[in-house]
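These are the residues of each chain, in order.
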Amino acid sequence: MRTVDLIDMEDVIAAYCTDPLKSAVRPLGHGNINATYLVQSSRSTFVLQRISGTVFPDPLGVIENFQKISTHLISRSGRSVSNMTFASPVLTRDGELFYRDKTGDYWRGQSYIPHSHMREPVLDKHVYQVGRVLAAFHSLVADLDIDLLQDPLPDFHNLDHYLTEFDREWALHRPPHDTSTIDYCHTRIKVYRKLSTTFSEAKNNGILELQAIHGDPKVDNFIFDKNGRAFGLLDLDTVGSGFAIIDLGDCLRSCCNTAGERGNRRARFDQDSFKAVLQGYFSWGDNYFSKEQCSLIYDAVLLISFELGLRFFTDYLRGNVYFKVIREDENLLKAVGQFQLADDIKRQESGLRDCSHALALLPQANWRDTENSYFSG
């Protein structure tokens, strides 16, 4: 991986390192939003990140949230048997939570956790671990006072809001000549938008309650050891108020897509991976989903796939200003992939509902040997 030219970042590196010109800096990860780098100085190795002011309306709020969430997780992990690992803030040389560069951008440091990412082929034992870590995370943040957090992304996971944005951009920037790809995306939006009130209705009926959630539990944000066991979560910038069932749906969307998050082949939803993630999730002792909430697991994974496709397509219409892209039609192709995934989930509705219902109602004792069975042989 290439080393970054330090000329434009020298002041930022100097805010954290006593020897900025001797520090090695390279891009880290494949995030769609923030610019992230690994910094290796003579004294330490840490992650340096520029918070996107385009995406996050209050970058400083995101940085302060991270400190509160990290403190809470460290405290809770120390009093539990979760054995989870999470990043913590790295302060500037002046003891500050952030550095603001000459252009006004906010930078923050966080601890670097050596780890592996999930690599293809994705095995059931890996996604089982993903489900278990997500359940542990939900347990750890269940008592985090969401009123103490600033809203990092107003209207995040608000499907009605995204549909309103789409309608506006479609009216303003509809391509002059609809291609088959444009027509496919527009048709899928018309088909699935009728389901947009599913979770607001569940909240109004007392089935769902707001709590702290991760907000972006895609597979790339889980930390694995060399043996494929997950032991933590990265990217806590989207932690905020939401529904745990939507977090689980987003995790399933990411883990069960056979094309992968950046795949260029037709998206398919794998039911075996779906089962493995849920087995991991429900194996955690603090599972607190009710029967009514479990009945929404299918809806969560369907609608989160639709939601992401909608957001990709809307960003394509407005000129790719939210998600980072390399080519002009990248967001359009990503939208197609998510809509294909939603279609495949819909095709398997009966089997997915039956699977989630059966697993959710198993007695806790039945999960005792599940993990060993995945990692044996």
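Note that residues are indexed from 1 along each chain, following the sequence as it is written. At least 70 in pLDDT is required for a residue's local features to be given in this predicted model, at least 80 for side-chain atom pairs to be given and counted, and no such filter applies to totals for whole chains, interfaces and linings, which use all residues. Side-chain measures here rest on the full set of heavy atoms in the structure, leaving out hydrogens and waters.

## Topic: the packing of helix 10 (residues 297-318) against helix 12 (residues 349-360)
(1) Moving on: All axes here are fitted lines through C-alpha atoms, helices being fitted over the stretch that makes contact, and every angle between N-to-C directions spans 0 to 180 degrees. Under the DSSP-based scheme used, a helix requires at least four consecutive residues in state H or I and a strand at least two consecutive residues in state E, with every element numbered from the N terminus. Closest axis-to-axis distance for the helix 10/helix 12 pair is 8 Å, and the angle between their directions is 130°. When the interaxial angle is binned, helix 10 and helix 12 end up oblique. Side by side, helix 10 and helix 12 meet where Ile-297, Tyr-298 and Asp-299 of the first sit next to Glu-349, Leu-352, Arg-353 and Ser-356 of the second.
(2) Moving on: Here the nonpolar group is Ala, Val, Leu, Ile, Met, Phe, Trp, Tyr, Cys and Pro; Asp, Glu, Lys and Arg are the charged ones; every other residue, Gly included, is treated as polar. Of the residues contributing to the contact of helix 10 with helix 12, the split by class is three nonpolar, one polar and three charged. With respect to orientation, any angle under 35 degrees is reported as roughly parallel, any angle over 145 as roughly antiparallel, any angle of 65 to 115 as roughly perpendicular, and every other angle as oblique. Throughout, a residue-residue contact means that at least one pair of heavy atoms, one from each residue, lies within 4.5 Å.

## Digging into the side chain of Arg-253
(1) Moving on: Within the element layout of this structure, Arg-253 appears in helix 7 (residues 244-255).
(2) Moving on: Of the residues examined, Arg-253 reaches a relative accessible area of 2% and is grouped as buried.
(3) Moving on: Discounting chain neighbours no more than four positions away, the residues touching Arg-253 are Lys-218, Glu-261, Phe-269, Val-301, Ile-304, Ser-305, Leu-308, Gln-338 and Leu-341. When accessible area is computed with a 1.4 Å probe and restricted to protein chains, residues below 20% of their type maximum are described as buried, those above 50% as exposed, and intermediate ones as partly exposed.

## Looking at the pairing of strand 9 (residues 230-233)
(1) Moving on: Two strands pair when backbone bridges link them, and strand 8 (residues 222-224) and strand 9 are joined in this way by three bridges, in the antiparallel orientation. Bridging from a neighbouring strand, Ile-223 pairs with Gly-232 of strand 9.
(2) Moving on: Note on pairing: two strands pair once DSSP finds at least 2 bridges between them. Hairpin geometry of strand 8 and strand 9 is characterised by an intervening segment of five residues between the two adjacent antiparallel strands and by a positive phi of about 85° at Gly-228.

## Some words on the nonpolar core
(1) Moving on: Ranked by size, the top nonpolar core spans 87 residues in total, and within it Ile-245 and Phe-313 carry the most contacts.
(2) Moving on: Per-element accounting of this core gives the leading share, 13 residues, to helix 10.
(3) Moving on: Dropping the residues within four chain positions of it, Phe-313 is found in contact with Phe-166, Trp-170, Ile-182, Cys-185, His-186, Ile-189, Asn-331, Leu-332 and Ala-335.
(4) Moving on: In this description, a nonpolar core means a group of buried Ala, Val, Leu, Ile, Met, Phe, Trp, Tyr and Cys residues linked to one another through side-chain atoms lying within 4.5 Å. Membership of the second largest hydrophobic core comes to 13 residues, among which are Ala-15, Cys-17, Ala-35 and Trp-107.

## A look at the pattern of salt bridges
(1) Moving on: What counts as a salt bridge is simple: a side-chain nitrogen of Lys or Arg found within 4 Å of a carboxyl oxygen of Asp or Glu. One pass over the full model with this rule turns up 18 salt bridges.
(2) Moving on: Here Arg-268 makes a salt bridge to Asp-344, at a shortest N to O gap of 3.7 Å. Highlighted residues: Arg-268 in the loop between helix 7 and helix 8 (271-283) and Asp-344 in helix 11 (residues 330-347), separated in sequence by 76 residues.
(3) Moving on: With relative accessibility at 39%, the residue Arg-268 sits in the partly exposed group.
(4) Moving on: By relative accessible area, Asp-344 is classed as buried at 3%.

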